[in-house]
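Survey of secondary and tertiary structure
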Amino acid sequence: MTGGCGNGSKDGVAGTGDAASKVYVAPGTHDEFYAFMSGGFSGQVGVYGLPSGRLLRHVPVFSQNAENGYGYSEETKNLFMTSFGFVPWDDAHHPQLSQTDGVPDGRWLFINGNNTPRVARLDLATFETAEIIELPHSGGNHASPFLTPNTEYVLAGTRFSVPIPQQDVPINTYKDNFKGTLSFIKIDSTSGAMSLAFQILVPGFNYDLSHSGKGPSHGWAFFSTYNTEQASTLLEVNASRNDKDYMAAVNWKLAERYVAEGKAKDIPASYRHNYLDDARIAQSEIVKSVKILDPRECPGMIYYIPTPKSPHGADVDPTGEYIVGGGKLATVIPVHSFSKMLKAIENKEFDGEVDGIPILKYESVLAGEVQNPGLGPLHTEFDGKGYAYTSMFISSEIVKWKLGTWEVVDRAPAYYSIGHLMIPGGDSRSPFGKYVIALNKITKDRYLPTGPELTHSAQLYDITGDKMKLLLDFPTIGEPHYAQALPASLVKDRSVKYFPIAENTHPHAIKAENEARVERDGRLVRVYMSTIRTHFAPDNIEGIRVGDSVLFHVTNLEQDWDVPHGFAVMGANNAELLVMPGETRTLAWKPQAAGVIPFYCTDFCSALHQEMQGYIRVSR
Amino acid sequence: MIACRTRTIALLAALAALALVVGCSSGPETEAERQARWQQGQLTSWELEHGIGPITADVALAPVDAAKAARGRELFIAKCATCHYLDDRKTGPALRDITTRRSAEYVLNQILNPEQMGKLHPDGRKMVAQYAQYMTIQGITNDNATDLLDFLRSEADKPPVPLEQQPGAHVPPPAN
Ligand SMILES: [Cu+2]
């Protein structure tokens, strides 16, 4: 039954029973989509099933994770190396799924470290961080990491402009001394390996978000900017003066050509490139220079499109024709036309320039404006059926509008303060549709209270009909800035179940239990240890002395799915380990006093798990 | 009610007996039908004796092949000795005389299909109860399993040896 006054009572959930059945995924059955949500200030990635909203995995990326020793074990520490040294946390904002032909392909997930500028690559066969590259000449890596349609490049724009190269200057010389960069990280199409191909030096604005063109606009990328006033103090006032900021339109194919022609200068830099090698051990390399293009020497490479006002999103529709700006402080949602932009460039319909970058005339590029959309338009995704969905931060709602006519056709409240939103594949050439998810900053009264800090949340709406229907809200980890989702079938069949022990090339792996041993080299003691249900070998270790440095190289000899073993040593000053089947992980330990120290398996692996323990005797 | 189908080889007699209980249709039993029957705990007398898994018929046993037994020994050290000695109890039972206590087919099924043997076979269930643990899956292939079988056959008649001489045994280092 549909009619009746009991319907749609609670927060617009039309028919609660109906909504429940739409998100119900029966025990033992699988969700239709994987959703990857940024952890924001947790630095991590949350993996959820849709439509159930079930948390499937918490993948550590930019922050140490005691649960499995990520960032503590000797094999993973190097992932946190930067030009500033060991930086074991960050603020992760925008997950981006690798794409082939403009559609998510399920191979990798990229995400930005915002604070200490970095980009990470997660391998979706193992759901672990495989690589992290640092970006020089950057401050606040926010317009990042946005992909080109065949994952040719990861793009990354600086939120904070800084002196380039860094130097000691008065902050109020911002306009003269501060610059931004747009970084182009090349992705190896087979391995996914990242390398910083080049950077474009740009005026010292704040570069906020980005998306690449596709279809007709393939070869271009768009970056929203704010603080085109170039203020360095009290930005809430001083960076909100201009009626319009800019969308930067970058012809990256042309930039690539300029680099090939030798127009880029090699500029000294120092940044880290960290990656898991074939033995699954993180290596960290220092890179000493980067190629930089100056727009003044590269005509046609970059243009500015005026865009009201302090835009956030820079979102390209599935056809590649429309570029939607999310003007946070604007009263309209401006939509630019790619084809009109090309014509305006051809006809030189310019309105001045900044540092050699021509400014196009707003009206010459404008496709249309969505009038009275609400307050604080932030970010837009697309359903592939001709509609766009824009999050409205201030008025806390999702607004659905039609591409081409720019009319608002539906709106639905969000609880509360929606930031980004996400439709599975909703920034791709071919959205998978079905749902839109609101990523909310504030939950207030939505859940049982948990003290002063409450969870952030995601809300799931059905978008298969004319009207959005709220189905579910579920808590998220940290702050979900942005998310991406794709059909589970693109990922699940490639999922690694265990690491074949015969292929373990870790230099301190053991392949059988009778290789377990203790080796001393001066004050360094290496314990070659194995685990299997339900014992360690060795489980009695003697001969360790105060002042030794002990490395426990723990190899899990299991060859079965979902059978990690843990390893924890009493009083160890870093984390414990969680060792996947067929993998070797190393815990460093310095015994502090004579005595006998217990260790045990922390992962309930079997009925005799409580028996999975041992002792280390420490002598003077 | 389950369907069974006539089969060749050694299962004929067993299935004839089963047919009395469950009725019969023609054609070989499909893998799905077999799995469904196992899940319902309906094991044939052949399966009760020889186990359930990829081995579903008598295996013709050649004399022990020394080369296979040698490969099997290496595999035993890598894959089995984590939990089994030949002459002492470890995580699981001692294995020296296993091929005299159990048929070759049973041993192969136990190696190749440890999870179902532990859950669905009455003798396997008894072992799980006794050792409080399912035998771990070690990803052993059919060829490797017959190597292991020949290694175990080659050891069956030899006298017991001290722990440190048993293949793959991890012997704790002396205190220093
Ligand atoms: Cu364990």
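Below or above, wherever it landed, is the structure these notes cover.

A look at the coordination of the copper ion
All names here are of chain A. For the copper ion, the full set of protein donor atoms is His 565 (ND1), Cys 601 (SG), Cys 605 (SG) and Met 612 (SD), and the range of their distances to it is 2.2 to 2.7 Å. Because the angles between the 4 donor atoms bound to the copper ion fall within 92 to 134 degrees, the donor set is best described as tetrahedral. Each donor residue of the copper ion belongs to the same chain, and together they define the spacing H-x35-C-x3-C-x6-M. With Cys 601 in the loop between strand E44 (595-600) and strand E45 (613-619) and Met 612 in the loop between E44 and E45, the pair connects residues that are 11 residues apart, well separated along the chain. Across the pair, exposure class does not vary: Cys 601 and Met 612 are buried alike.

Quick notes on the pairing of strand E22 (residues 322-327) of chain A
Residue and element names in this part refer to chain A. Counting buried positions along E22 yields 6 of 6 residues, so the element is predominantly enclosed. Here E22 shows a buried face lined by Tyr 322, Val 324 and Gly 326 and a second buried face lined by Ile 323, Gly 325 and Gly 327. Hairpin connection, strand E21 (residues 311-316) to E22: the antiparallel pair is bridged by 5 residues, and Gly 320 has positive phi, about 85 degrees. Of the pairings in the sheet, the one linking E22 to strand E23 (residues 332-337) comprises 3 bridges and is antiparallel in character. Counted as the bridge partner of Tyr 322 is Ser 337 from E23.

Points about the packing of helix H6 (residues 104-112) of chain B against helix H9 (residues 142-155) of chain B
All names here are of chain B. Where H6 meets H9, the closest approach of the two axes is 10 Å, and the angle between their N-to-C directions is 130 degrees. Compared by their axis directions, H6 and H9 come out oblique. The interaxial crossing formed by H6 with H9 has right-handed handedness. Seen from H6, the contacting residues are Ala 104, Val 107, Leu 108, Ile 111 and Leu 112; seen from H9, they are Asn 142, Ala 145, Thr 146, Leu 148, Leu 149 and Leu 152. Of the residues in the contact of H6 with H9, the class split is 9 nonpolar, 2 polar and no charged.

A closer look at H9(B)
All names here are of chain B. Over its 14 residues, H9 extends 20 Å from the first C-alpha to the last, a length consistent with the 20 Å expected when each residue adds 1.5 Å. Those residues of H9 that sit buried are Ala 145, Asp 147, Leu 148, Leu 149, Asp 150, Phe 151, Leu 152 and Glu 155. Those residues of H9 that are buried lie in contact with helix H4 (66-80), helix H5 (98-101) and H6.

Quick notes on the packing of aromatic side chains
Residue and element names in this part refer to chain A. Taken as a whole and judged by the stated rule, the model has 29 aromatic pairs over all chains. Ring geometry for Tyr 34 against Phe 127: centres 5.7 Å apart, planes inclined by 45 degrees, an arrangement best described as tilted. In this pair, Tyr 34 sits in strand E1 (residues 33-38) while Phe 127 sits in the loop between strand E8 (118-123) and strand E9 (128-134), placing the two residues 93 residues apart along the sequence. Here Tyr 48 and Phe 474 contribute two aromatic rings whose centre-to-centre distance is 5.4 Å and whose plane-to-plane angle is 45 degrees, an arrangement assigned as tilted. Within this pair, whereas Tyr 48 is found in strand E2 (residues 45-50), its partner Phe 474 is found in strand E34 (residues 469-476), the two being separated by 426 residues in sequence. Here Tyr 48 falls in the buried class, since its relative accessible area comes to 2%. The class of Phe 474 is buried, set by a relative accessible area of 4%.

Cut-offs applied
Residues numbered from 1 in each chain as written. Chains lettered and ligands numbered in written order. Predicted model: local features only at pLDDT ≥ 70, side-chain atom pairs only at ≥ 80, totals over all residues. Heavy atoms only, no water. Donors = N, O, S within 2.8 Å, 3.2 Å for Na, K, Ca; no water. Tetrahedral: all angles 85-135°; square planar, octahedral: opposite > 155°, others 65-115°. Helix = DSSP H or I, 4+ residues; strand = E, 2+ residues; numbered from the N terminus. Buried < 20%, exposed > 50% of the residue type's maximum accessible area, 1.4 Å probe, protein only. Pairing = 2+ DSSP bridges. Axes fitted to C-alpha atoms, helices over the stretch in contact; angles between N-to-C directions. Parallel < 35°, antiparallel > 145°, perpendicular 65-115°, else oblique. Left-handed = near helix turned anticlockwise from the far one by under 90°. Contact = heavy atoms within 4.5 Å. Nonpolar A, V, L, I, M, F, W, Y, C, P; charged D, E, K, R; others polar. Expected span 1.5 Å × (residues − 1). Phe/Tyr/Trp six-rings, centres within 6.5 Å; stacked < 30°, edge-to-face > 60°.

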